[in-house]
Amino acid sequence: NVFVELGHPEAEVKAKIDAGYRQLFHGKPDSEAVLFEAGQNADGKRAYIMDIGNKDVRSEGMSYGMMLAVQMNQQRDFDALWNWAKSQMYQADPKHPCYGYFSWQMRRDGTAMDEMPAPDAEQYIITALFFASHRWGDGQGIYDYRAQALELLDRVKNRQEIDGKVNGYKATSAVALFNPEHKMVRFTPDTGNFKINGDHTNPSYHLPAFYELWARWAPDKDRAFWAEAAQASRDLFVRVAHPRTGLVPDYAEFDGRPKAASWDPYTVHFRFDAWRTPMNWGVDAIWWAADPREQELSNRILAFFASEGPDYAANFSLEGKPLVSYHSLGLTATSAVAALVSSLPQARDFVEALWTSSPPTGQWRYYDGMLYLMGLLHVSGEFRVYDKSSASAGPATG
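Now for a quick tour of the structure. Nothing here was measured: the structure is a model prediction, and the numbers come from that model.

**Points about the pattern of salt bridges**
Where side chains of opposite charge bring their charged atoms close, a pairing between them can arise.
In step 1: According to the stated counting rule, one finds 25 salt bridges in the structure shown.
In step 2: Here D250 and R271 are joined by a salt bridge, their closest N and O atoms 3.2 Å apart. One end of the pair, D250, is in the loop between α9 (220-240) and α10 (276-288); the other, R271, is in the loop between α9 and α10, with 21 residues separating them in the sequence.
In step 3: D273 serves as the salt-bridge partner of R276, at 3.5 Å between the closest nitrogen and oxygen.
In step 4: With relative accessibility at 2%, the residue R276 sits in the buried group.
In step 5: Through salt bridges with shared partners, a single ionic network connects E60, D120, D273 and R276.

Written out as structure tokens, the structure reads:
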């Protein structure tokens, strides 16, 4: 618990985390909460995480909500989110190109805006389901968490190409979420997009800390792949980070070159997706300490941010030119996680910046809020691996 190491009482740390979760998941619906109840079905209550600013529901947010709920021991919230994701976002038709995946963008009424998946969500969902299984035990049907995790884990690696239509009109096909040659997560499995943009990746989707767990929990035939995927991601982090600033792009080729999307040339810059990449290598270093280069990456990017002052911009070119004039709480949170493995004297300043922050309110509370709460859990040592030996204390009731 680095907050405690820096002098903050443990009780105050716990209270801060609890208050953040309570506000974001159960606060005032018009200004604080991002979780909203959505009735029930045969599997029980349902709820979704809403992107308030964009007025939609994203698989990313659902996956973060599930992970935060299992970390906070809130099984009722977890089950309600999983129920909505499985009943509304999941593509159950074996003939559909997105079979076995989750639509990345939905309306609040549960209709799809884009049926293609965003693979970061599937990765968080898999790991959250494993943790739920290990923490609470398995139930029946969709609440047989381990069976659900293993089924999805098999699909993201081994699912074969399926041709058809997505969104009701677009003819395309979709493949597995991981590129088998590079052993890296794809930006999208949409082969129609490959024809325009090529098969490529998003560095912030790379979660080697999770792959190391999958290398232990997957069926034997896939374990070597996941161990190799973890190393492939660590190698990508080194290639993709700018040699002076440590900044990383939103999108990249599998060899680490920044990738400009056909619909957005600014994906070559350090923007909102990219905030998560330093958190991802920080968590990997905290959990596994498998690659000393991750500390150097944290030192590099935090030294750059420190040189920009405490209100460093939220978006930069990779060379360090600010692209906006504001700072954002989400980047405060992910920088604090990167600081956990930094040897810089300034590292504690990034942790203190998170400590002095409050959970966000208003229009943009969704993304900042999810990263804020994950940051608090990581820095306090409460974002934990729940393995097969984890003893269940039962779900929290608060």
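**Side note on the packing of helix α11 (residues 293-308) against helix α12 (residues 329-339)**
In step 1: Put simply, α11 and α12 touch, their axes get as near as 9 Å, and they point 135° apart. Between α11 and α12, the angle falls in the class oblique. Helix-helix and strand crossings are classified by hand; for α11 and α12 the assignment is left-handed. Taking contact as the criterion, the partners of S298, L302 and F305 in α11 are, on α12, L331, S335, A338 and A339.
In step 2: Residues belonging to the contact of α11 with α12 are distributed by class as follows: five nonpolar, two polar and no charged.

**Here's the deal with the nonpolar core**
In step 1: With 118 residues, the main nonpolar core has F78, W226, F270 and F305 as its most contacted residues.
In step 2: No other element matches the 10 residues that helix α14 (residues 365-379) contributes to this core.
In step 3: When residues no more than four places from it in sequence are discounted, the contact partners of F305 are L247, F270, Y312, F316, L331, S335 and F350.

**Notes on the packing of α9 against α11**
For any two helices packed against each other, the geometry is given by the interaxial angle and the distance between the axes.
In step 1: Interhelical geometry of α9 versus α11 gives an angle of 35° and a closest axis separation of 10 Å. Helix-helix and strand crossings are classified by hand; for α9 and α11 the assignment is left-handed. Contact residues: Q231, R234, D235, F237 and V238 in α9; R293, E294 and L297 in α11.
In step 2: Taken together, the residues of the contact of α9 with α11 break down into three nonpolar, one polar and four charged.

**What to know about the packing of aromatic side chains**
Two measures describe an aromatic ring pair: the distance that separates the ring centres and the angle between the ring planes.
In step 1: Within the structure shown, the criterion is met by 37 aromatic pairs.
In step 2: When the centroid spacing of 5.0 Å and the interplanar angle of 75° are considered together, the rings of F304 and F316 count as edge-to-face. Of this pair, F304 sits in helix α11 while F316 is found in the loop between α11 and α12, placing the two residues 12 residues apart along the sequence. Grouping residues by exposure puts F304 and F316 together as buried.
In step 3: Taken together through their ring pairs, the aromatic side chains of F270, F304, F305, Y312, F316 and F350 make up a single cluster.
In step 4: Taking the ring centre of Y90 as reference, the NZ or CZ of K86 above it sits at 4.6 Å.

**Description of the pairing of strand β6 (residues 162-166)**
In step 1: Pairing geometry for β6 and strand β7 (residues 170-174), over five bridges, is antiparallel. Residue pairing in the sheet places I162 in a bridge with A174 of β7.
In step 2: Between β6 and β7, which pair antiparallel and follow one another directly, the connecting turn spans three residues, one of which, N167, has a positive phi of 60°.

Definitions and limits used
- By convention here, each chain's residues receive numbers from 1 onward along its written sequence.
- Side-chain atom pairs in this predicted model are given and counted only at pLDDT of 80 or more, local residue features only at pLDDT of at least 70, and totals for whole chains, interfaces and linings cover all residues.
- The side-chain quantities take in all heavy atoms of the structure and omit both hydrogens and water.
- We count a salt bridge whenever a side-chain nitrogen from Lys or Arg sits within 4 Å of a carboxyl oxygen from Asp or Glu.
- Secondary structure elements follow DSSP: runs of H or I of four or more residues count as helices, runs of E of two or more count as strands, with numbering from the N terminus.
- Burial classes: relative accessible area under 20% of the type maximum marks a residue as buried, over 50% as exposed, and values in between as partly exposed (1.4 Å probe, protein chains only).
- Axis definition: a line fitted to C-alpha atoms, limited for helices to the stretch in contact. Angles are taken between N-to-C directions and run from 0 to 180 degrees.
- Just so you know how the angles are binned, under 35 degrees is roughly parallel, over 145 roughly antiparallel, 65 to 115 roughly perpendicular, and the rest oblique.
- Handedness of a crossing is defined here by the sense of rotation of the near helix relative to the far one, left-handed for an anticlockwise turn of less than a right angle and right-handed for a clockwise turn.
- Whether two residues are in contact is decided by their heavy atoms: any pair within 4.5 Å suffices.
- Amino acid classes used here: Ala, Val, Leu, Ile, Met, Phe, Trp, Tyr, Cys and Pro are nonpolar; Asp, Glu, Lys and Arg are charged; the rest, including Gly, are polar.
- In plain words, nonpolar cores are sets of buried Ala, Val, Leu, Ile, Met, Phe, Trp, Tyr and Cys residues tied together by side-chain atoms within 4.5 Å.
- Aromatic contacts are taken between Phe, Tyr and Trp rings whose centres are within 6.5 Å, Trp giving its six-membered ring; a plane angle under 30 degrees counts as stacked, one over 60 as edge-to-face, and the others as tilted.
- A ring is considered to have a charge above it if a Lys NZ or an Arg CZ atom is located within 6 Å of its centre and within 35 degrees of its normal.
- Two strands qualify as a pair provided DSSP detects at least 2 bridges between them.

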